[in-house]
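The primary structure of each chain is shown beneath.
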Amino acid sequence: MIKKSLAATLVWLILSALAAGCGEKQPAGDARVVITFWHSFVANTIPSLNALIQKFESEHPGIRIHAQYVPTGDALVHKLVTAVQSKTAPDISWIHADFLDKLVQADAIFPMDDFTNGPDGLTREDFEDIFPASLEAGKWKGILYALPMEATSLALLYNKNLFKKVGIHPDHPPQTWDDLRNYAKKLTVDSNGDGTVDQYGFFVPVFPASGELNIWMNLQWAPFLWQAGGEEFNDDQTKVLFNSPAGVAALTLWKKIYEDLDFSRFSLSHDMGFASQKLAMILDGPWNLPRYR
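Residues numbered from 1 in each chain as written. Predicted model: local features only at pLDDT ≥ 70, side-chain atom pairs only at ≥ 80, totals over all residues. Heavy atoms only, no water.

Draft legend 1. Structural view of the packing of aromatic side chains. Within the structure shown, the criterion is met by 13 aromatic pairs. Ring geometry for Phe263 against Phe266: centres 5.1 Å apart, planes inclined by 20°, an arrangement best described as stacked. Neither residue differs from the other here; Phe263 and Phe266 are each classed as buried. Where Phe274 meets Tyr292, the ring centres are 4.9 Å apart and the plane angle is 75°; that geometry is what we call edge-to-face. Of this pair, Phe274 sits in helix H11 (residues 270–275) while Tyr292 sits in helix H12 (residues 289–292); the two residues are 18 residues apart in sequence, bridging distant segments of the chain. Residues Phe274 and Tyr292 agree in their burial class; the two are buried. (Phe/Tyr/Trp six-rings, centres within 6.5 Å; stacked < 30°, edge-to-face > 60°. Buried < 20%, exposed > 50% of the residue type's maximum accessible area, 1.4 Å probe, protein only. Helix = DSSP H or I, 4+ residues; strand = E, 2+ residues; numbered from the N terminus.)

Draft legend 2. Main features of the nonpolar core. Residues Leu187, Phe202, Phe224, Ile257, Phe263 and Met281 are the most contacted members of the largest nonpolar core, which totals 34 residues. The set of elements that each furnish at least two residues to this core consists of helix H7 (160–165), helix H8 (177–186), helix H9 (214–227), helix H10 (245–260) and strand S9 (281–284). Contacts of Phe224, omitting those with residues within four sequence positions, involve Trp177, Leu180, Phe202, Ala250, Leu253, Trp254 and Leu283. In terms of nonpolar packing, the next biggest core, distinct from the first, is built from 25 residues, Trp38, Val77, Ile92 and Ile95 among them. (Core = buried A, V, L, I, M, F, W, Y, C linked by side-chain atoms within 4.5 Å. Contact = heavy atoms within 4.5 Å.)

Draft legend 3. The arrangement of the pattern of salt bridges in detail. Counted under the stated rule, the structure contains nine salt bridges. Where Arg181 meets Asp260, a salt bridge forms, and the shortest distance between an N and an O atom there is 2.6 Å. One end of the pair, Arg181, is in helix H8; the other, Asp260, is in helix H10, with 79 residues separating them in the sequence. Overall, the relative accessible area of 25% leaves Arg181 in the partly exposed class. Given a relative accessible area of 30%, Asp260 falls into the partly exposed group. (Salt bridge = Lys/Arg side-chain N within 4 Å of Asp/Glu carboxyl O.)

Draft legend 4. Local environment of the packing of H8 against H10. Following both chains from N to C, one finds H8 and H10 inclined at 15°, their axes separated by 9 Å at the closest point. When the axis of H8 is compared with that of H10, the two are roughly parallel. In terms of crossing hand, the pair formed by H8 and H10 is right-handed. Along the contact surface, H8 presents Trp177, Leu180, Arg181, Ala184 and Lys185, while H10 presents Ala249, Ala250, Leu253, Lys256, Ile257 and Asp260. Residues belonging to the contact of H8 with H10 are distributed by class as follows: seven nonpolar, no polar and four charged. (Axes fitted to C-alpha atoms, helices over the stretch in contact; angles between N-to-C directions. Parallel < 35°, antiparallel > 145°, perpendicular 65-115°, else oblique. Left-handed = near helix turned anticlockwise from the far one by under 90°. Nonpolar A, V, L, I, M, F, W, Y, C, P; charged D, E, K, R; others polar.)

Draft legend 5. Highlighting the environment of His169. With respect to the helices and strands, the residue His169 is situated in the loop between H7 and H8. Polar contacts involving the side chain of His169 include one to the main-chain amide nitrogen of Asp171, which spans 3.0 Å. (Polar contact = N/O pair within 3.5 Å; in protein donor to acceptor, adjacent residues only side chain to side chain.)

Draft legend 6. Representation of a nonpolar patch on the surface. Among the surface-exposed residues, Phe233, Val240 and Phe242 lie close enough to one another that they form a single nonpolar patch of about 260 Å² accessible area. The topology assignment puts Val240 in the loop between H9 and H10. Among the residues examined, Val240 registers a relative accessible area of 43% and is labelled partly exposed. (Patch = residues over 30% accessible without salt bridge, like charges linked within 9 Å, V, L, I, M, F, W, Y side chains within 5 Å. Areas by Shrake-Rupley, 256 points an atom, 1.4 Å probe, with all protein chains shown as cover.)

Draft legend 7. Seen up close, the side chain of Asp284. By the element assignment, Asp284 lies in strand S9. One buried charged residue, Asp284, forms no salt bridge at all, with the nearest opposite charge on Arg291 at 6.7 Å. Within the structure, the side chain of Asp284 is placed 3.3 Å from the side chain of His270, a separation counted as a polar contact. Among all residues touching Asp284, those that are not within four sequence positions of it are Ser153, Leu154, Ala155, Leu157, Trp216, His270 and Tyr292. (Lys, Arg positive; Asp, Glu negative; His and termini not counted.)

Draft legend 8. Region of interest: H8. What H8 keeps buried is the set Leu180, Tyr183 and Ala184. Looking down the long axis of H8, one finds its buried residues gathered within 100° of arc, a one-sided arrangement. Contact partners of the buried residues in H8: H7, H9, H10 and S9. (Arc of directions from axis to C-beta.)

Take it as geometry only, folks, not as evidence of what the structure does.
Next comes the structure, spelled out in structure tokens:
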């Protein structure tokens, strides 16, 4: 919960409950409590959110959820900071886990114990029903400040038709780093022989270290770090560990693929590239599957 109306979320997206409301005016005769909720659900996922809100309101007729879309990433954080300073913050908001510490240090968010303890709180069984890694992402220095709202995973998506065109079995996706690199090179094609690549084999998510896409880059790189036997931080989060042989190996793989494909010439986003069949392989999450179908 956010102090005097704010909220945090985490991980790929996690939520924390807030205390007081923003003071939104109610229609005459409507005595329900209004809870303002900032979210970054996209078109593919907004129907699920609306269904959950409708279910919640039917089970709690004295509460109305006022859901407002806010672009995720840096834009959301800047908007939250401004809202906290002007005392116009929402009651609840989502945010990526890596911004949780900043809310805590700004004294802008409540510990979840304020809401989860007591007779109207959460039971031990409730907590055990939450994926442990997601729950840990809601903690800062051992204190729980946010509850998981959504956790998503990444997978390698690939175009079977493009695999077949270059002689790769469509049911045999890459299994190793060498496979990934070799497939990426084979699937990078200059189809008309004019010296310009028309199809790239793999999307290498290299973005500026600051900006709204830096988190997306880090989320995609972390699995390669883990595959190499590395970790981002030590267990108590006091030391970074990615500057290690495993980190060098994972980053070197990306660098080699990037150079193999001359990927600096690719100008589309990963989702647009995959949907338009300009990309043969990408790492992506389930939120985009409806578009690709």
